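In case you want the letters, here they are:
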Amino acid sequence: MSDLMVDPASIGQQAHSFRPQESRTDMVRVGVIGYGYWGPNIVRNLQGQKNAQTVMVCDQNPAALARARKAHPSIETVSDPLDVLRSPDIDAVAVITPVWTHYELAKMALENGKHVFIEKPFTSTSAQAEELIELAARKRLTIMVDHTFLFTGAVRKIRELTESGALGDLYYYDSLRVNLGLFQHDVSVIWDLAPHDLSIMDHIIRAEPEAIVATGEKHLNGVEDVAFLTIYFPRNVIAHINVNWLSPVKIRTTLIGGQKKMVVWNDLVADEKVRVYDRGVQITSGEGIRDLLVSYRSGDMWAPQLEQLEALHVEMGYFAECIMNSKVPFNDGHAGLRVVRMLEAAEKSIRRKGELIRL
Ligand SMILES: NC(=O)c1ccc[n+]([C@@H]2O[C@H](COP(=O)([O-])OP(=O)(O)OC[C@H]3O[C@@H](n4cnc5c(N)ncnc54)[C@H](O)[C@@H]3O)[C@@H](O)[C@H]2O)c1
């Protein structure tokens, strides 16, 4: 069993009243709907799993199906999602289509008794997410939302550092996630890129956010292509996320400041992606305001060893493991809903030119 197969009880954020239904087989048979940009990665990472396999790929675009047949000649391909959703040979459906289609496809999958692996962001609205969570609970089925970054060696290490108390009390999470494109037609840069940071924050800060302030602008095709989000958490923890499709260079850098240690995570470098700095500031006050004593700590930096496994491979194995062992995944529908609620609040704040939206 992989380290990532975390016992949900140890995650501490779940509040579920259900357990997924018992699995009937030792192999989870998955139908994948959507073989555009991301779908091929899902199919590739399902192949080679010992407890899961893709048995059908569905896409309404014939060119996408031709690519699927070329890459995986033994997998059946269909153009109608109902062929997947109603197939008695399928235990679980992976929904790898644009976000506006997620709710309908996932709902039909659950109604047909299938477990659901679904792309981020989970749904277009929190009401849709709540309905799917309730439906899955009633049918005792699993929902897993693809918050891929939670399965990377970097995020697993950062979470280990926060969990063990190595960073001390958290001060901030500050992320720069910018590049040129890929422009989406149906969602803004917030719904496209911010789910990564929001799910990572949710996983490592592990507190309910209190409020969001967001600003952003549309320049080219009617959706925000540049946005800045500030999220307030209890105990003075603050997060800032800068997402931008109009950056001349690609940057994926996150700073996480703690009272004892600080982390710099540069996801674009091959080595030393995560660096931990023993740096900080201590302030002791004397009698009056003039007696403030500021001392700076500037100790060692080290780069911890990170797991090298492909995140999606680990995640797909975890999906099958959860279904077969009736475990509630930590990236379940509730985790997806928490992210969608933050996205909705950010969008509302942008419409009101940066008004504080309480969650
Ligand atoms: N986890 C990640 O890191 C990550 C990365 C990229 C994309 N995504 C997510 O994956 C999803 C898909 O994104 P993409 O970039 O692959 O989009 P895409 O447009 O490249 O591909 C979507 C595919 O779904 C097909 N499709 C759409 N509706 C369909 C339907 N009803 N039935 C059958 N086929 C249908 C389209 O023909 C297309 O081939 C989005 O939700 C996106 O946010 C996640």
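Residues numbered from 1 in each chain as written. Predicted model: local features only at pLDDT ≥ 70, side-chain atom pairs only at ≥ 80, totals over all residues. Heavy atoms only, no water.

1. What to know about a negative patch on the surface
Okay, step 1: A cluster of acidic side chains, namely Glu 76, Asp 80, Asp 83 and Asp 89, defines a negative patch on the protein surface.
Okay, step 2: Along the chain, Glu 76 turns up in strand E3 (residues 76–78). (Patch = residues over 30% accessible without salt bridge, like charges linked within 9 Å, V, L, I, M, F, W, Y side chains within 5 Å. Areas by Shrake-Rupley, 256 points an atom, 1.4 Å probe, with all protein chains shown as cover. Salt bridge = Lys/Arg side-chain N within 4 Å of Asp/Glu carboxyl O. Lys, Arg positive; Asp, Glu negative; His and termini not counted. Charge placed at Lys NZ, Arg CZ, Asp CG, Glu CD. Helix = DSSP H or I, 4+ residues; strand = E, 2+ residues; numbered from the N terminus.)

2. Section: the site of the ligand
Okay, step 1: In the vicinity of the ligand lie 20 residues, with Tyr 37, Trp 38, Asp 59, Lys 120 and Thr 148 positioned nearest.
Okay, step 2: Trp 38 is positioned with one of its backbone polar atoms (N or O) 2.8 Å from an oxygen atom of the ligand.
Okay, step 3: Against a free-state accessible area of 860 Å², the protein chains account for coverage of 80% of the ligand.
Okay, step 4: Its residues assigned to classes, the shell around the ligand shows 8 nonpolar, 8 polar and 4 charged. (Near = heavy atom within 4 Å. Polar contact = N/O pair within 3.5 Å; in protein donor to acceptor, adjacent residues only side chain to side chain. Nonpolar A, V, L, I, M, F, W, Y, C, P; charged D, E, K, R; others polar.)

3. Focus on the sheet that holds strand E5 (residues 115–119)
Okay, step 1: On the basis of which strands lie adjacent, the open sheet formed by 6 strands has the order E3-E2-E1-E4-E5-E6 and parallel pairing. In this open sheet, the two strands that pair with only one neighbour each are E3 and strand E6 (143–146). The average undirected angle you get between the axes of adjacent strands in this sheet is 25 degrees.
Okay, step 2: Pairing of strand E1 (residues 28–33) with strand E4 (residues 92–95), which is carried by 4 bridges, proceeds in the parallel orientation. The partner of Gly 31 across the bridge, within E4, is Val 93. (Pairing = 2+ DSSP bridges. Axes fitted to C-alpha atoms, helices over the stretch in contact; angles between N-to-C directions.)

4. Section: the packing of aromatic side chains
Okay, step 1: Counting across every chain of the model gives 7 aromatic pairs.
Okay, step 2: Ring centres of Phe 151 and Tyr 318 lie 5.7 Å apart, and the angle between their planes is 50 degrees; this geometry places the pair in the tilted category. Of this pair, Phe 151 sits in the loop between E6 and helix H6 (153–163) while Tyr 318 sits in helix H8 (residues 311–324); the two residues are 167 residues apart in sequence, bridging distant segments of the chain.
Okay, step 3: The buried category is assigned to Phe 151, whose relative accessible area is 1%.
Okay, step 4: Where Phe 151 meets Phe 330, the ring centres are 5.4 Å apart and the plane angle is 20 degrees; that geometry is what we call stacked. Within this pair, whereas Phe 151 is found in the loop between E6 and H6, its partner Phe 330 is found in the loop between H8 and helix H9 (333–351), the two being separated by 179 residues in sequence.
Okay, step 5: A relative accessible area of 4% places Phe 330 in the buried class.
Okay, step 6: Three or more aromatic residues link up through ring pairs in this structure, and these residues are Phe 151, Tyr 318 and Phe 330.
Okay, step 7: The ring of Phe 149 has Arg 177 lying over it, and the distance from NZ or CZ to the ring centre is 4.9 Å. (Phe/Tyr/Trp six-rings, centres within 6.5 Å; stacked < 30°, edge-to-face > 60°. Buried < 20%, exposed > 50% of the residue type's maximum accessible area, 1.4 Å probe, protein only. Lys NZ or Arg CZ within 6 Å of the ring centre and 35° of its normal.)

5. Quick notes on the sheet that holds strand E9 (residues 224–232)
Okay, step 1: Taken together, 9 strands build an open sheet; the order of strands is E14-E13-E12-E11-E7-E10-E9-E8-E15 and the sheet is mixed. Of all the strands in the sheet, the pair left with one neighbour each is strand E14 (293–302) and strand E15 (357–358).
Okay, step 2: Both strand E12 (residues 262–266) and strand E13 (residues 274–284) contribute to a ladder of 4 bridges, which runs antiparallel. Following the sheet pairing, Trp 265 is matched in E13 by Val 274.
Okay, step 3: Along the sheet face, H6 touches strand E7 (170–180), strand E11 (246–258), E12 and E13 and points at about 175 degrees away from the line of E12.
Okay, step 4: Against the sheet, H9 touches strand E8 (211–218), E9 and E15, its axis set at about 60 degrees to E8. (Contact = heavy atoms within 4.5 Å.)

Keep in mind that these numbers describe shape and distance, not what the molecule does.
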